[in-house]
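Architecture at a glance
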Amino acid sequence: MRRVAILISGRGSNMTALIEAAAADGFPAEIALVISNRVDAPGIATAQANGVKTLVIESKPFGKDRAGFEKLLQATLDEHKIELICLGGFMRLFTAEFVRHWYGRMLNIHPSLLPSFPGLDPHGQALRAGVKISGATVHFVIPETDAGPIVMQGAVAVVDDDTPDTLAARVLDIEHKIYPQALRLLATNSVGITGDTCTTSTGASASLDDTLISPTVI
Ligand code: GAR
């Protein structure tokens, strides 16, 4: 059973999906701790309601002193014997040193098919680019924002009358499906990193018959 910390800054819906998945019999990871860098993150109450220990380590007082914040964060992770980290809408950049320390053990989710549309407003970016398929990506964290070896992706169709909000809602459903599955792969040592890419073992191959075409011609 791998000990996982989820780091959040806000709503925490991906956190909730991970907590719910991990509560099921046989899930190979335990959500041992939720850490928020914001005292007002709504996800804190949700985690507590699910019986998960929560801590707030406010990053704001540290200003640009990222290393100072991370020292406290690392001490807390050590104290709780955390082995894996899942970022769930954690809106604070890390130093390269912290990222290197956790390389291969820290996942992030981003609501686009990376490497397209990293950063802010991914759904607005996708709509402006006119893509017909978008989705979500779980990846290992590297110093560059919203980049790193891709563990899992899920796709949704983009429709003509989508707004950033309607697309976000459809992608969020996918996020909640893939994040627990990606954590399962990591917790069972089923993901290998070769250079910039991941390979997956143990019966988790893509179904080559699964095709998503968008738009569909009637
Ligand atoms: C999610 O859509 C996540 O993919 C995104 O923030 C949202 C957090 O929602 N993350 C990023 O954009 C990372 N660059 P949640 O708090 O309900 O999980």
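Residues numbered from 1 in each chain as written. Predicted model: local features only at pLDDT ≥ 70, side-chain atom pairs only at ≥ 80, totals over all residues. Heavy atoms only, no water.

If you look the protein up in an unreviewed UniProt entry, it shows as Phosphoribosylglycinamide formyltransferase from Tardiphaga robiniae. Under the UniProt heading Pathway (unreviewed entry), the entry covering the protein gives this text: "Purine metabolism; IMP biosynthesis via de novo pathway; N(2)-formyl-N(1)-(5-phospho-D-ribosyl)glycinamide from N(1)-(5-phospho-D-ribosyl)glycinamide (10-formyl THF route): step 1/1." The record held by UniProt for the protein lists under Function (unreviewed entry) the comment "Catalyzes the transfer of a formyl group from 10-formyltetrahydrofolate to 5-phospho-ribosyl-glycinamide (GAR), producing 5-phospho-ribosyl-N-formylglycinamide (FGAR) and tetrahydrofolate." (UniProt positions renumbered as here; feature names shortened; annotations may be inferred.)

**Section: the nonpolar core**
In this structure, Ile6, Ile31, Val34, Val151 and Leu183 are the most contacted members of the largest nonpolar core, which totals 41 residues. Element by element, the count of residues in this core is highest for helix α6 (residues 164-187), at 10 residues. If we ignore the near neighbours within four places in the chain, the residues touching Ile6 are Met15, Leu18, Ile19, Ile31, Leu33, Val34, Ile35 and Cys86. In this structure, Ile85, Leu87, Val99 and Val141 belong to the second largest nonpolar core, which totals 19 residues. (Core = buried A, V, L, I, M, F, W, Y, C linked by side-chain atoms within 4.5 Å. Buried < 20%, exposed > 50% of the residue type's maximum accessible area, 1.4 Å probe, protein only. Helix = DSSP H or I, 4+ residues; strand = E, 2+ residues; numbered from the N terminus. Contact = heavy atoms within 4.5 Å.)

**Regarding the pattern of salt bridges**
Within this structure, the stated rule accounts for five salt bridges. Two residues, Asp121 and Arg128, come together in a salt bridge whose shortest N-O distance is 3.3 Å. Exposure remark for Arg128: the relative accessible area of 64% places this residue in the exposed category. (Salt bridge = Lys/Arg side-chain N within 4 Å of Asp/Glu carboxyl O.)

**What about the sheet that holds strand β3 (residues 54-56)?**
One open sheet accounts for seven strands, arranged β3-β2-β1-β4-β5-β6-β7; its pairing is mixed. Whereas interior strands pair on both sides, the edge strands pair on one side only; in this sheet they are β3 and β7 (150-157). Pairwise comparison of adjacent strand axes, ignoring direction, gives a mean angle of 20 degrees for this sheet. Pairing of strand β2 (residues 29-36) with β3 involves three bridges; the strand directions are parallel. In the sheet register, Ile35 faces β3, and the bridge partner there is Leu55. (Pairing = 2+ DSSP bridges. Axes fitted to C-alpha atoms, helices over the stretch in contact; angles between N-to-C directions.)

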